[in-house]
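Here is what each chain is made of, one letter per residue.
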Amino acid sequence: MRVSAMFPKRSYGTISMYSVAILRGGASMRIWNMLFTFILSLALLWLLTWGVAASTAALATIRYVAPGGNCGGGTATPCYATLQAAIDAAAPGDEVRVAQGVYVDVATKQYTLDGSQTIVQAMFIDRSLTVRGGYSITDWETAQPALYPTIIDPQGQGRGGVIASPGPVTLEGLTIVHGYAEGSGGGLYAVDSNVVIRDCYIMSSTDGLMLWNNRVTLINNVIAANAEAGLIVSGAEVKAWHVTVADNGDVGLWAKNSEQIPAHVFMTNTILSGPQVGVRVIGNAEDPTTIYLAGALWQNLTQTQIYSGGQITHYQNYIGPPSFMGTGDYRLTAASLARNRGLTSHVRYDIIAVRRDPLPDMGAYEYDDPDSIRQVFLPLVMRSATGIKATH
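Residues numbered from 1 in each chain as written. Predicted model: local features only at pLDDT ≥ 70, side-chain atom pairs only at ≥ 80, totals over all residues. Heavy atoms only, no water.

**Student:** What should I look at first to understand the pairing of strand E3 (residues 94-99) in this one?
**Tutor:** Every regular strand shows the same layout, with side chains that alternate between the two sheet faces. Within E3, 6 of the 6 residues are buried, which leaves the element mostly enclosed by the surrounding structure. Along E3, one buried face is formed by Asp94, Val96 and Val98 and the opposite face, lined by Glu95, Arg97 and Ala99, is buried too. By the bridge criterion, 4 bridges tie strand E1 (residues 62-65) to E3 in an arrangement that is parallel. Bridge assignment links Ile62 to a residue of E3, and that residue is Glu95. Here E3 pairs with strand E7 (residues 129-135) via 5 bridges, running parallel. Residue Ala99 lies in a different strand from E7, and its bridge partner there is Tyr135. (Buried < 20%, exposed > 50% of the residue type's maximum accessible area, 1.4 Å probe, protein only. Helix = DSSP H or I, 4+ residues; strand = E, 2+ residues; numbered from the N terminus. Pairing = 2+ DSSP bridges.)

Now the structure itself:
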């Protein structure tokens, strides 16, 4: 039988239906080949990226800090006696683990800040780095800051820390007290950096935390008992969850523009407490500085100062005393209005590793109900406070 009889022609100009079918089959094959090549390329690219990331992680060094340079021997090397020595020795991407103790050493650095070309602080971070406190010299694997507090105390001789890093910096499990600066940020000053601060106390300094032109994430922090401002945000973008801002001398949260750059602050499940101004905001009318408070407990909602170019937005806010455990102890009591009034968040544990409820408490602490099942099974040591008291 002739081919023409098997496949009758239907004329489409000079191309037969049979020819069209063959062409379509060829085009389909080419599409599948292209798709396979694309998928293979993506897989190779993923493997290459994973390999680079794994290689980078493998090259990162863990450095250890303990009082007197005694890290307990064993594999805890290299070991340093001061934070600054470990930071200066670190390569970008390294991790510094700090044991329980009080670290009072300060270092002088040539860096222009607040009009001064020389600054003094307990730690100056100018590279991508992770600094974690709360370790014991007998256990460098698990950080427990509530049991093994790492206290950075410059004793009024300089700032607690300055961060000026082109790469990301993470601080976890640190207590910073008694920092001093004639300018801003006596506790901690971060400038032009990408920073995560988690499970930290910044207390009893001139100012608490100064953020200038940064991208910052704050989780489970207590910023309290500072002589002037608690948290200052200048031209930065801040996202915060479960922060307690209390008993600061002048203002709890102050957001303002940095030259022409506005500040934008997004805070969820916050406690703003104390006799001072709760929030102060000022910016440019053309490009306003904004504060968004979702789920907040104010001791007094009227304690706000909104100037030209500043905006404050509230959602699910409450007014009343937070009912802390005592002076300088910012754990919640059973009567606290902050209990179970927070918005659902991704933060699973509080500042001392107490598991948060599905309806979490506001602030850095989750009330540890003595009648809950969680209270029975959590180790008792994880419920102890750091013991740092407020001083002005």
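**Student:** It is not clear to me how the environment of Tyr111 should be interpreted in this structure. Could you clarify?
**Tutor:** Within the element layout of this structure, Tyr111 appears in strand E5 (residues 107-113). Look at Tyr111 and you get partly exposed, because its relative accessible area is 25%. C-alpha of Tyr111 to C-alpha of Phe124: the two residues are 13 residues apart in sequence and 9.8 Å apart in space.

**Student:** Help me understand the state of the cysteines in this model?
**Tutor:** Such a bond, covalent and formed between the sulfur atoms of two cysteines, is termed a disulfide. The tally for this structure, following the rule as stated, stands at 1 disulfide. Each disulfide pairs two cysteine sulfurs, and for Cys71 the partner residue is Cys79, the sulfurs being separated by 2.0 Å. Torsion about the S-S bond of the Cys71 and Cys79 cystine: about 80°, corresponding to right-handed handedness. A relative accessible area of 3% means that Cys71 is categorised as buried. (Disulfide = S-S within 2.5 Å.)

**Student:** Can you walk me through the nonpolar core in this structure?
**Tutor:** A general trend in soluble globular proteins is that nonpolar side chains are found buried together. Among the nonpolar cores identified, the biggest contains 58 residues, and Met123, Leu171 and Val233 are the most heavily contacted of them. Ranked by size, the runner-up nonpolar core spans 22 residues in total, among them Val177, Ala224, Leu297 and Ile351. (Core = buried A, V, L, I, M, F, W, Y, C linked by side-chain atoms within 4.5 Å.)

**Student:** How do you make sense of the environment of Gly101 when you look at a structure like this?
**Tutor:** With respect to the secondary-structure elements, Gly101 resides in strand E4 (residues 101-103). Counting along the chain gives 48 residues from Gly101 to Pro149, while the straight-line C-alpha distance between them is 6.7 Å. In this structure, Gly101 is in contact with Pro67, Pro149, Thr150 and Ile151, ignoring residues within four places of it in sequence. (Contact = heavy atoms within 4.5 Å.)

**Student:** I tried to follow the sheet that holds strand E9 (residues 159-163) on my own but got confused; where do I start?
**Tutor:** In a beta sheet, neighbouring strands are held together by backbone hydrogen bonds and run either parallel or antiparallel to one another. The mixed open sheet is built from 9 strands, whose spatial order is E5-E6-E9-E12-E15-E17-E19-E21-E23. Edge positions in the open sheet fall to E5 and strand E23 (304-306), since each of these has one partner strand only. For this sheet the average axis-to-axis angle between neighbouring strands, irrespective of direction, equals 25°. (Axes fitted to C-alpha atoms, helices over the stretch in contact; angles between N-to-C directions.)

**Student:** Hey, could you run me through the layout of surface pockets in this one?
**Tutor:** One simple way to see leftover space: roll a probe sized like a water molecule over the atoms. In this structure, the largest pocket encloses a volume near 240 Å³. In terms of residue class, the lining of the largest pocket is built from 8 nonpolar, 4 polar and 6 charged. Volume-wise, the second largest pocket comes out at about 200 Å³. Lining the second largest pocket are 13 residues, with Thr118, Arg159, Ala181, Glu182 and Gly183 positioned closest to its centre. Top contributing element to the lining of the second largest pocket by residue count: strand E6 (residues 116-125), with 4 residues. (1 Å grid on protein atoms, 1.4 Å probe; cavity = no way out; pocket = protein on both sides within 12 Å on 5 of 7 lines; lining within 4 Å. Points joined across faces, edges and corners; volume = space filled by probe spheres on them. Nonpolar A, V, L, I, M, F, W, Y, C, P; charged D, E, K, R; others polar.)

Everything listed is a geometric property; what it means functionally is a separate question.
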